[in-house]
Amino acid sequence: MLSACSGAEGSPRPPAAAGPPVKEMAASPACTATARLIPSCGAWWGMAPEVFTGAPVEQALHGAESRMGAAADVLHVYHRGSELFPTDAEVRLARDPARPRLLMINWKPSFDHTWEEIADGALDKRIDRLAGYLRRTFPERFFLTLHHEPENDVDADSGSGMRATDYAAMFRHVVLRLRAEGVKNAVMVMTYMGAPNWAAMPWFEDLYPGDDVVDWVAMDPYADDRVHDFDGLVNKVRKEYPDWPGFYRWMQARFPGKPVMVAEWGVFERPRDRAFKRKFFESVLRQIKRYPQIKALLYFDSPQAPRGDTSFDSDSGSGRAFSALARDPYFRATPVPRP
């Protein structure tokens with residue numbers, strides 16, 4: 001729901017205060033990741049760190065890890081247009097010999113071409129250039145999502161080039177083109193907004209590109225004023241849409257064989273309830289095991305997100321609760337595959 005792109009900057013964030021050292025818990029040797037990066041035990045823990053602060057990615061991630069006293073399994077980064085990825089800094093973080101990380105790369109291929117034009121080949125040279133770079137630079141498996149949260153960009157008018165069916169065709173074309181050019185290590189993620197109002201649209205089901213080009217399905221829910229705990233976050237319902245069961249329930253029914261990623265989630269400040277963030281993070285710790293299909297949980301950490309402050313440690317109570325969540329054995333059960 002919150003757009004973040006590489007290069008997006010805001011006021012610099014002060015250096016992270018010295019926090020507890022990052023502690024690693026021993027993962028079970030019996031727990032492994034599959035070829036599609038599905039952890040056999042628990043779920044991956046990850047984040048988009050210190051977004052909109054202007055901090056370089058290495059500084060941002062190390063700062064966030066220090067603040068929460070735990071390492072991230074997955075680093076969520078954002079790229080757009082003709083940018084090549086992963087960057088040198090992202091590669092260093094993925095290949096850190098002390099603590100390797102998976103990359104979740106979020107790519108919007110173009111802001112100048114419609115989905116229909118991309119599906120018809122308008123960006124094939126760009127896709128081929130990226131494929132060559134990936135072959136030379138990064139053979140490791142990584143997550144890749146294309147034009148995440150497409151719902152609010154849909155234009156259902158005939159000829160717009162931005163209909164839901166155009167999105168599905170664009171996604172398929174990019175994936176199949178990358179694969180034809182030798183990119184076999186991208187684990188593809190289809191990322192929805194996770195909002196009931198968009199799910200109620202008549203074109204909603206047409207967005208899906210097909211099982212053969214989607215490995216994981218994802219949602220990006222945020223805790224608005226009507227969300228009180230983790231259950232309400234991943235299964236948002238609204239009385240205005242009585243037929244909508246909630247995103248996790250819909251994903252269970254629609255994609256029973258696919259892992260679910262919460263690719264972005266965030267908790268905003270509530271001036272009338274300063275303890276809300278702490279209580280919310282405590283609810284995640286209590287409730288996450290009710291959702292075994294969720295195999296990755298990636299927080300959107302930003303002191304100045306478009307709709308508010310999602311910093312996990314905006315007060316001491318929320319920081320302690322988030323740290324306890326990040327260090328819970330459920331998120332430490334499966335070791336990140338080494339390069």
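Each remark here, short or long, concerns the structure printed above.
Residues numbered from 1 in each chain as written. Predicted model: local features only at pLDDT ≥ 70, side-chain atom pairs only at ≥ 80, totals over all residues. Heavy atoms only, no water.

Student: I'd love a proper account of the overall build of the protein, names of residues and values included.
Tutor: Per the secondary structure count, the protein includes 10 helices and 9 strands. Taken against the 2.2 N^0.38 rule, which gives 20 Å for 339 residues, the C-alpha radius of gyration of the protein at 19 Å falls within 12% of a compact globule. The principal-axis extent of the C-alpha atoms belonging to the protein is close to 50 × 50 × 45 Å. Partitioning the intrachain contacts of the protein with sequence separation of at least 6 by distance along the chain shows that 80% fall at a separation of at least 24. When the accessible surface of the protein is summed, it comes to about 13,800 Å², and 51% of that surface belongs to carbon and sulfur atoms. Each charge class in the protein was averaged separately, 43 positive and 45 negative side chains, and the resulting centres sit 6 Å apart. (Helix = DSSP H or I, 4+ residues; strand = E, 2+ residues; numbered from the N terminus. Rg over C-alpha atoms; globule rule 2.2 N^0.38 Å. Contact = heavy atoms within 4.5 Å. Areas by Shrake-Rupley, 256 points an atom, 1.4 Å probe, with all protein chains shown as cover. Lys, Arg positive; Asp, Glu negative; His and termini not counted. Charge placed at Lys NZ, Arg CZ, Asp CG, Glu CD.)

Student: Tell me what's going on with the packing of aromatic side chains, and back it up with residues and numbers.
Tutor: Counting across every chain of the model gives 34 aromatic pairs. Residues Trp 198 and Trp 203 carry aromatic rings whose centres are separated by 6.3 Å and whose planes lie at 35° to one another, so their mutual orientation is tilted. Its relative accessible area of 22% is what places Trp 198 among the partly exposed residues. Relative to Phe 322, the ring of Phe 281 has its centre 4.9 Å away and its plane inclined at 70°; by these criteria the two rings are edge-to-face. Linking Phe 281 in helix H9 (residues 276-287) with Phe 322 in helix H10 (residues 316-326), this pair joins segments that are 41 residues apart in sequence. (Phe/Tyr/Trp six-rings, centres within 6.5 Å; stacked < 30°, edge-to-face > 60°. Buried < 20%, exposed > 50% of the residue type's maximum accessible area, 1.4 Å probe, protein only.)

Student: Can you break down unusual backbone geometry residue by residue, with the values?
Tutor: The linkage connecting Phe 85 with the following residue, Pro 86, adopts the cis geometry, with an omega of 0°. Within the secondary structure layout, Pro 86 lies in the loop between strand S2 (74-80) and helix H2 (88-94). Located in the positive-phi region is Glu 50, a residue other than glycine, with phi close to 45°. Mapped onto the fold, Glu 50 is located in the loop between strand S1 (44-48) and helix H1 (57-68). For Phe 52, which is not glycine, the phi dihedral falls at a positive 65°. Along the chain, Phe 52 falls in the loop between S1 and H1. According to the relative accessible area criterion, Phe 52 is buried, its value standing at 15%.

The analysis is restricted to geometry; functional conclusions fall outside its scope.
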